[in-house]
Structure formats: C-alpha cells, structure tokens
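# Architecture at a glance
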Amino acid sequence: MVNNDKFRFLYVTSVVLSFFNVVGLGLGLTRPNKASWKMDSRALHIRSPLARMMFTKHIQGCFERSKVESYAHKWYESNDELFSDDIRSFFIQSNKDEETDKFLDSCYEKSDWIFTQLSKGIAKAFLSFFISQTTINGLLQRGSMFVCSSEQFRTLASIDVNWKGRSMLDLGAGDGMVTQYFAPHFEEVYVTEMSTTMQWRLQEKGFKIIGVEDWTNGTYDMISCLNLIDRCDKPITLLQDIRKALNPGGIAIIAVVIPYKPFVEFGSSQNVPSEHMEVKGNTWEEQAESFVVDYFIPAGFKLRSFTRLPYLCEGDIHNPFYVLIDALFVLES
C-alpha cells in the first residue's frame, strides 16, 4: 500500500494532467480492469484515466520487481538431457549477473519517467505511419537492448578480461548498447545498420559504420550477429558470408530468438525471408540443436559454446521491460 503523501501527490497530479485524458485513451491508458481495482479501492476515485493509470502502476510496480526476482532464473533454464551427446558438452549454464541487474534497474527507472514516456508514446503513435519501428527507436532514443554481459561474453568465448583482438564487426548493431559490452576487447570496432537514426547513435559512440553491402570486403577477428538471423531476408547467405569474413581462428557470436519466427523489417514487402530456414523441433533445446546441426555446421562453422539468455528490451509506461528467450552461440571459423 502507498502512504498518504504519495496518494495525495498522485491525486493532485490528476488535476494537472487532466488535459491528457483524450490522448491517454489513444495511448491505451484506459480504465484498469477489475483485478486492478481490487488492488486498491482508492483508484476508483481518480477520474483522470492518466492519473488512475499512474496510481495503479505504482501499486503494481511494487509487486512486479519482486516477481522478476522470483522467476528470472527461468530465463536461463535448459534441460540438457534433451541435447544429443554431440553438443551437450558445449552448453554453458548462464545466470543473471550484475550487468543484467543494472540494465533492469535502468528499465524500471525510465518506465517511471511519466512525462518522457508519454511524449515518446505520442511521437511513436504518429511516426509509426511513416517510418519503421527501429528508426523510431533511434530517433526517440528508446528501446535499447541487452543480450549478454561482458562476463557472459568472456565465459562463452573462453577469453579473460585482458584479452585483445584486432577488429570486430557487429552486424545490425542498433543503437550500439550491446556492442559496448564487446568493444573493450578490440582495437577497431566496425558496425552495420540499416536505420539512419540508429547510425546517428552509433556515430555518437565512436563506432565505425560500414555499408550493409560493403562489410564482406573486409575480414575480422570477431563478427557478432545478434538477433538478426530471424530479421534478414537471406539468413543462409548471411551465415556463409560471416564465415568467409572471419580471420583464421576468428569467432562468430550469433544470437537468435527461440521459438524461431522470422520477420523481415527491411528488404521484403511481405515481411517474410526469401531464404527459408527449416528449424526443427518444438522445444528451446530442439531448435537450438537444429541451428547447430542443420545450419551452422553446414556453413563451415565449428561450435565452441552456446547458452540460453534473456533478450531484454527497454519497455514503456506500461511495462519496464520486455523479454524474449535467446540461444547464443559462439562459433569458430
């Protein structure tokens, strides 16, 4: 239960924010359902939909964080008995660590920036008629991702904190937040990105941008391809190109959401890839193994390690973050 001072603050705020009523309805800030009402009857007396949402959000938020702590371990759980003998020994168990917690802390903090979230929600609703979701995120500086921490990367790649490589390439780097966890280990960091606004964010971080048609002209000690296989038009060709662009002894870091459901944001009018990947199985374990056996090994890779990780994305005014489940593979050239 919130104390009276917090309740008075939210109630007074409803007067200030009353002009957002119509906008609030347009953003989905509607009357809470009956389950929410039961949580605190005082929400019934707040007439402004926006202020009512703020009040309910505060009440529910107290519970949401504790729930995350209770079920977050499930993001990493895998049944290794479902793997074949050929790949079981390559699986590494991961766990939620300090950098993951820091990202989640940031998500909760930003979700509580009510006016910022409202302004971005309004802008997103308008811009979505004209530009892609990725471009909107780059323009509004929202929706940053988290795939793996620095320590998780080092464990999977079998390197220590002092290891240095010459060059790395991050394909489809987005705003570069994930790239930053790898960058300290390389003298030169190159990135590709289709979205112009995301390219702005990458330039701000000092990364060297390569054209999406030009990266195959060079070679690299490491290539990361995180959650791009299921978003590109020709995933099989992409794997072959990655293999060819690795220096001898180089590694590829590939992450893909499971269950595998391809959706092409750029380059396909129907949002379906022109190259079809027949990923087998229904469970996370079965599909992870199918990627290795049916696609990575035929492309010329050797498996070094793999793990199960949450693919986290900054949320909005309704949810502090969103999560999908990744399989992350470290492959040798």
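Along each chain, residues carry numbers from 1 onward, in the same order as the chain's sequence is written. Local features in this predicted model are restricted to residues whose pLDDT is 70 or higher, and side-chain atom pairs enter the listing and the counts only when it is 80 or higher, whereas totals over whole chains, interfaces and linings include all residues. Excluded from the side-chain calculations are hydrogens and water; all other atoms, namely the structure's heavy atoms, are used.

The secondary structure listing takes helices from DSSP runs of H or I that are at least 4 residues long and strands from runs of E that are at least 2 residues long, numbered from the N terminus. Counting its secondary structure elements, the chain contains 13 helices and eight strands. Exposure is judged per residue with a 1.4 Å probe applied to protein chains only, and the accessible area is read against the type maximum: over 50% gives exposed, under 20% gives buried, and values in between give partly exposed. The buried share of the chain, reckoned over its 333 residues, is 50%. Only the protein chains shown count as cover for residues, with accessible areas throughout obtained via the Shrake-Rupley method and a probe of 1.4 Å. For the chain, the exposed area adds up to about 16,700 Å²; of that, 54% sits on carbon and sulfur atoms.

What follows is about helix H13 (residues 284-296). Here H13 is 13 residues long and its end C-alpha atoms lie 17 Å apart, about the 18 Å a rise of 1.5 Å per residue gives. The element H13 is largely enclosed, with a buried count of 10 among its 13 residues. Restricting attention to buried positions, one finds in H13 the residues Trp-284, Glu-285, Gln-287, Ala-288, Glu-289, Ser-290, Phe-291, Val-292, Tyr-295 and Phe-296. We call two residues in contact whenever any of their non-hydrogen atoms come within 4.5 Å of each other. Where H13 is buried, its residues touch helix H5 (85-88), helix H12 (235-245), strand E6 (246-257), strand E7 (302-314) and strand E8 (321-332). Multiplying one less than the number of residues by 1.5 Å gives the expected span of a helix.

Every buried residue belonging to H12 is among Pro-235, Leu-238, Leu-239, Ile-242 and Ala-245, and all of these are buried. The buried residues of H12 occupy an angular sector of 135° when the element is viewed end-on, so they sit on one face. Packed against the buried residues of H12 are strand E2 (165-171), strand E5 (220-226), E6 and H13. As used here, the arc is the angular range of directions from the helix axis to the C-beta atoms.

For the rest of this paragraph, the subject is the sheet that holds strand E1 (residues 145-146). With mixed pairing, eight strands are arranged side by side in an open sheet as E1-E7-E8-E6-E5-E2-E3-E4. Lying at the two open borders of the sheet, with one neighbouring strand each, are E1 and strand E4 (208-209). Bridging between E6 and E8 involves seven bridges; their strand directions are antiparallel. Across the sheet, the residue bridging to Ile-251 is Glu-332, located in E8. The criterion for strand pairing is that DSSP finds at least two bridges linking the strands in question.

In this structure, Gln-152 sits in helix H9 (residues 150-157). On the basis of relative accessibility, which here comes to 7%, the residue Gln-152 falls in the buried class. Apart from residues no more than four positions distant in its own chain, Gln-152 is found in contact with Tyr-76, Asn-95, Asp-97, Thr-100, Val-147 and Leu-309.

Pairs can form between side chains of opposite charge once their charged atoms are near each other. Salt-bridge detection follows one rule: a side-chain nitrogen of Lys or Arg within 4 Å of a carboxyl oxygen of Asp or Glu. Tallying each qualifying case throughout the model produces 11 salt bridges. When the shortest N-O distance is used, the salt bridge between Arg-88 and Asp-85 registers 2.6 Å. On the criterion of helical spacing, the pair formed by Arg-88 and Asp-85 is a turn pair, its members being three residues apart in helix H5. Residue class for Asp-85 comes out exposed when judged on its relative accessible area of 63%. In this structure, Arg-154 and Glu-151 form a salt bridge, with 3.2 Å as the shortest nitrogen-oxygen distance. You can see Arg-154 and its partner Glu-151 sitting in helix H9, three residues apart, about one turn around the helix. With a relative accessible area of 16%, Arg-154 lands in the buried category.

Okay, the packing of aromatic side chains next. Only Phe, Tyr and Trp rings take part, Trp by its six-membered ring, and two of them pair if their centres are within 6.5 Å. Stacked means planes under 30 degrees apart, edge-to-face means over 60, and tilted covers everything else. Applying the stated criterion to the full structure yields 18 aromatic pairs. Between Trp-75 and Phe-321 the ring centres are 6.0 Å apart and the planes differ by 85°, which places this aromatic pair in the edge-to-face class. Here Trp-75, found in the loop between helix H4 (49-71) and H5, pairs with Phe-321, found in strand E8; they are 246 residues apart in sequence, far enough to count as distant. On the basis of relative accessibility, which here comes to 5%, the residue Trp-75 falls in the buried class. Considering the side-chain rings of Phe-291 and Phe-329, the 6.4 Å spacing of their centres and the 55° angle between planes classify their relative orientation as tilted.

In this section: the state of the cysteines. Here, the term disulfide refers to a pair of cysteine sulfur atoms separated by no more than 2.5 Å. As enumerated under the stated definition, the model contains zero disulfides in all. Here Cys-107 stays unpaired: no disulfide links it, and the sulfur of Cys-313, its closest cysteine neighbor, is 7.7 Å away. Take Cys-232: it sits in no disulfide, and the sulfur closest to it among the cysteines is that of Cys-225, at 6.8 Å.

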